[in-house]
Amino acid sequence: MARAYSKFLALTAVLALVVSACGGDESTSTTQAPATTTTQAPVETTEAAPETTQAAETEAPTTTEAMAAPEPGARIVVGLGNEPGSLDPQAVDQFAMFTINENVFDKLVTRDPGGQLIPGVATDLGTPIDDTTWQYTVQEGITFHNGEPLNADAVVHSILRIIDPDYPTPLKDNLGTLVGAEKVDEYTVNILTSGPDPLIPTRLALLYLVPPEASQSADFGENPVGSGPYRFVSWELGVAVELEADPNYRGGAPAVSEARFTFIEEYGTRLAGVLNDEIDLMVDLLPEDGSRVDQSWTTPTGLKQFIVSLNARVGSPVEDVRIRQALNYAVDKEAIADGLFSGIAEVLDGQMLNPNWFGYNADLDPYPYDPDRARALLAEAGATDLEIQLISLVGNSLLDRETTEVVAAYWADVGVTADIFIPEFSEYIDRLIDRENRPDAIFVPHDNLLFDGDRTLSAYYHSQGCCGSMDPSEADDWIDAGRTELDQAARLQLYNDVGQAGHDQAWYVWLVSIPNVFAGTDRIDWSARADGLIHLADIAVSS
Amino acid sequence: MGRYVLKRLIQAALVVVSVTVVVFVVTRLIGDPVAVMLPLEATDENRAVLEAQLGLDRPILVQLGDYMADAVRFDFGDSLWQRRPAIDIVMERLPPTMVLVLSGFVLGLLLGAVIGVVAAIRPGRWMDRLFVLLGVLGISLPQFWIGLVLIVFFSVGLGWFPTSGSGSLRHLVLPAVVLALPILGRIALVTRSSMIDELNTPHVKDATARGLSRARIVVAHAFRGAGIATITVAGWELVGALAGGAVVVETVYAWPGIGFTAMQAIERHDIILLQGVVLVIAVIVVTINILVDVTYTLLDPRVKFD
C-alpha cells in the first residue's frame, strides 16, 4: 500500500504541474468582463460630465455591445498578504494599512515614484521660520470626501490627534520632535517642534491628514474618510476592502475606477489567484516564482536591509576591528544576492543606508569577498579558534533564517564557529535592544520608511542607540549634531562621516538590500515605486 | 437524565474557565504584543507608553483578575489588532466557519459512513481495499498541501472554482472537500472495522438465519450497533475540524472564519483576540461533547447515565 500511496502522490504532483503550466488563461475572463461593465455604467452616468456621453451611449445596449466598447474605467483586484487592524491612517503601523490608505488620504508632503520628497497638499516642502517652527501652506479648495474642507484647521487637528498622549498609536516613533501645530490663517499652519528638526518634511510624508469631524467618530477606523484620489466604499472584515475613484479628484479621475484589496495570507493561494486572473496585482512574490507569472516588478531599491551587527564593545569576543573586518571579508554577498535571492537583491555598499536615503555615502564600497584575507586578519588578531553566538529570527523577512545560515557557513569556511540561536520573536527583540548585554552577533532586517539616515544611524551607529553595539565615539556627536542641523549639505556631510567611521570600524557585516516584489497579470501597466506602496492612480489597464 | 445533564454543564463551565486561565497565562508568557506592533528600533519610551496604554504593564495576576471580572459581564476585552471588542470579531467570523465546518463535516460523515459500510460487506475484496486506501489518504495527506493541489488543479487548471474567497457555493466547494477528507477517512475506517465486528455478532447471524434481507441486516441490525463508534468518532471529528482543520483550510482559502482569525491573531500576537477565539471554540467543544454523550442513549438503550 505504501507503493500505491507514493504513486498517487507522484501522479497528483505531475498532473498539478502539467495543468498549471498549460491551463487556465481564458477561463475567468468571460466572467469578469460583464461584471465590470455593469457596475461601471451607473457610476459614469451619475457624474454628468461632457466626456461621459460616450459611456452613457454604450451603457444602454446589450451586454455584447458593451463588452466590445473600450472600458470607460477599469476594476482591479489587488492581493495583499495581511489585513490591517484598522483603516484609521494614524492608528496602526502596518504596511497593508499604508498600501490602502495611500490612495484614500493626502499628506502635506509626499514622495515621487523614485522616493524623492515632493509637496503633497502643501504648496511646497515647507519653510523653517525659526528653530522650532516649520510653516506650511495648504493648497486651496481641497475637500475631504464627506465635504469637510482640507484647510489649516484640518492639518492642526490631524497633528494634535496623533500626538495626543492618550491616543495609542505605534506611529509616534515617526514624529520625533513634533510637539504641536497652530493655525496662522485659513490655509497656513505652523508646525511646532521641541528643537530644530531638519526631518520635518520627511516626517510629514508619513502623516496622513484626517477630517476633523469624521475622524472623531468611534468607527473611523472602519469607515475612513480621506481626500485622496479614491474614496473608501466598504470593508468586508477578513475578506477585502473596496475603493472607488473620486470623479471630482483635483488631478482628474484616475483610469482605475474601482479597486478591491483582498487579504490572502497563504502565499500559494495568492499566487494561484494571479495565475487564474482573479488577482491583477499581488504583493510579496517569491523571487523564484518570477517566471510563472505574466509580469513581475521590484521596487527600484531595496526596502529591507539585511545586516549582522557585531559587538565592537571592549570585552566582546569580536572587539578587535581586524576580526570584524575578517567577518566581512569572509562573506560572499554577491553570491547571497544572486543565489539565495535569484538576483533581485542588491549588495549593500558597506553601509546600512540605501542610495535613495538621505545620508548615503557614495564613496563607500562593500568589503570584497576575500576569504584568504579574512584568515590572515584572524590569524593576526590571534583569533584562530573563534566561537561566537549569532542570534537571528525566522519568518519575519524573506529568507531571513536562510541568510543567517549562509553567513554562518561562510564564517565556518575561515575558521569562525557561529552558534546560531533563533529565539521567539519578542525575545529576539529583547536581545536586540538590551543595552547592557550586547549579543556577539545578531542578524537584523532593518527598514526605514522615513528614507532618512537619521533613524538608521541613531539606532545602529550611535553608542546610545537602541541597537548599536559599540563604545561611545565621535560618530555619536556627528549623529547628534545632524539631528538638529537645518543645513542639508552640512547634515549630509555629517552622515557621510558617520558612514565612513562605521565602515572602517566594521561595526556590521553589511549583506544585501531586499526590494519588495510584485506580480501581476498582463492587463496591468504599472511600475513599482521606491516606497513599495501601490498608487492605484498610476495603474493603466488594458482590456 | 436531568441531573446528569446539570452535572455535565457544571463540569463544562469548569473546563471553560480552566482553559481561559491556562490560555491567558500561556499567551502572556510566550510573547510580547508590543514587540510585534512597533518597529524593531522603537524607543524604550514609546514601548513603555504603548504597553501602559494596552494595560500590559500590570502584574499578570492583576490582568487575569480584571479579565475574569470583565468576562463575567461578557466583556472579553478589545482586540489589540483591531481595537474593538474581541468577542464581536469572533461572533462575526463564526457563521462562515459554521457553514464551512458543517458542510465539510456532513460531507465527510455521510461519505465516510457509506464507504465504511460498503467496504465492510466484503472485507478484503478490491472495493474494500480501494476504500481503505482512500480512507488512509484522507487521513494522512496534509490539508494545506492537498488544499493547494486542489487550487492548482481545479481553479487554475480547469477554472471550475475560484482560487479563494467566500460568498457563493462555488467558493465553498474546495475548502469543504479539503476539510471533509480526514473526517471521511477516519469515519470510513472506524465504521468499517466496527461493521465487520457487528456483522459477526450472534444477533446478526440470527437475523440472517431468520431469512432477513442482506440490506435490512446491514442497515437495521449491524449499523445500529456500529453507529455508536461512528458517533463517538464523529464528535471528535467535528471538534477537530473546528479547532484544527478550520485554521489550516481557512488560511489556505482565505475563508473569513474563526480559524483564519486565530491565525491572524497568532501572527500579530493579539492575545486578547486569540483568547476570544479559544473561549468560543472551548464552549462549542464542550457542548458537542455533551450532545455526543446524550446521543449514545438514543442510539443504544444499554448505555445508562451515572
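Keep in mind that what you see is a predicted model, and the values were worked out from it rather than measured. (Residues numbered from 1 in each chain as written. Chains lettered and ligands numbered in written order. Predicted model: local features only at pLDDT ≥ 70, side-chain atom pairs only at ≥ 80, totals over all residues.)

Please explain the overall build of chain B as it appears in this structure.
The secondary structure content of chain B amounts to twelve helices and zero strands. Going from N to C terminus, chain B has its helices and strands arranged as α-α-α-α-α-α-α-α-α-α-α-α. Counting the 306 residues in chain B, one finds 42% classified as buried. Put simply, of all contacts in chain B between residues at least 6 apart along the chain, 73% involve residues at least 24 apart. (Helix = DSSP H or I, 4+ residues; strand = E, 2+ residues; numbered from the N terminus. Buried ≥ 20, exposed ≤ 12 C-beta atoms within 10 Å, placed from the backbone. Contact = placed C-beta atoms within 7 Å.)

What is the right way to read the overall build of chain A from this model?
Scanning chain A from terminus to terminus reveals 16 helices and 21 strands. Looking at the 543 residues of chain A, the share that counts as buried comes to 50%. Partitioning the intrachain contacts of chain A with sequence separation of at least 6 by distance along the chain shows that 68% fall at a separation of at least 24.

How should I be thinking about the sheet that holds strand β16 (residues 417-421) of chain A in this particular structure?
Paired through their backbone hydrogen bonds, the strands of a sheet run either parallel or antiparallel. Residue and element names in this part refer to chain A. Strands sit in the order β14-β18-β13-β17-β15-β16 across an open sheet of six strands; the sheet is mixed. Looking along the sheet, the strands with just one partner apiece sit at the ends: β14 (346-347) and β16. Where strand β15 (residues 387-391) and strand β17 (residues 441-446) come together, two bridges link them in parallel fashion. Bridging from a neighbouring strand, I391 pairs with I442 of β17. The strands touched by helix α10 (residues 333-340) within the sheet are β14 and β18 (508-514), with β18 carrying the most contacts at an inclination of about 25°. (Pairing = 2+ DSSP bridges. Axes fitted to C-alpha atoms, helices over the stretch in contact; angles between N-to-C directions.)

Quick question: what am I supposed to make of the domain arrangement of chain B here?
All names here are of chain B. Under the domain assignment used here, chain B contains domain 1 (2-72) and domain 2 (86-299). For domain 1 versus domain 2, the distance between C-alpha centres works out to 32 Å. Contacts between the two partners involve 13 residues from domain 1, matched on the other side by twelve residues from domain 2. Those elements giving two or more residues to the side of domain 1 that touches domain 2 turn out to be α1 (2-30) and α2 (33-37). The leading source of residues in the side of domain 1 that touches domain 2 is α1, at ten residues. Here the side of domain 1 that touches domain 2 is built from residues that sort into eight nonpolar, three polar and two charged. (Domains from an automatic or database assignment. Nonpolar A, V, L, I, M, F, W, Y, C, P; charged D, E, K, R; others polar.)

What's the story with the interface of chain B and chain A in this structure? I'm lost.
Interface extent is often summarised as the accessible area lost during association of the parts. With 46 residues of chain B at the interface, the matching set in chain A holds 49 residues. Elements supplying a minimum of two residues to the side of chain B that touches chain A: α2, α3 (44-53), α5 (86-121), α6 (126-140), α7 (143-157), α10 (214-253) and α11 (258-267) of chain B. Take the side of chain B that touches chain A: its biggest share by element is eight residues, from α7(B).

Is there a simple way to explain the nonpolar core in this structure?
A general feature of soluble globular proteins is that nonpolar side chains tend to end up buried together. Counting residues in hydrophobic clusters, the biggest one holds 228 residues, and the most contacted among them are V308(A), L310(A), V509(A), V512(A) and V277(B). Contacts of V509(A), omitting those with residues within four sequence positions, involve I307(A), V308(A), L310(A), L327(A), N328(A), V331(A) and V407(A). (Core = buried A, V, L, I, M, F, W, Y, C linked by C-beta atoms within 7 Å.)

When you look at helix α9 (residues 321-329) of chain A in this model, what are you seeing that I'm missing?
Since one α-helical turn is 3.6 residues long, residues separated by three or four positions face the same way. All names here are of chain A. For α9, a buried count of seven out of nine residues is recorded, marking the element as mostly surrounded by other parts of the structure. Within the span of α9, buried status applies to I323, R324, Q325, A326, L327, N328 and Y329. Residues of α9 that are buried in the fold lie against β13 (304-310), α11 (371-380), α12 (400-413) and β18.

Teacher, can you tell me more about the domain arrangement of chain A here?
Split into domains, chain A comes out as domain 1 (105-224) and domain 2 (304-514). Across the side of domain 1 of chain A that touches domain 2 of chain A, the residue classes tally to five nonpolar, five polar and one charged.

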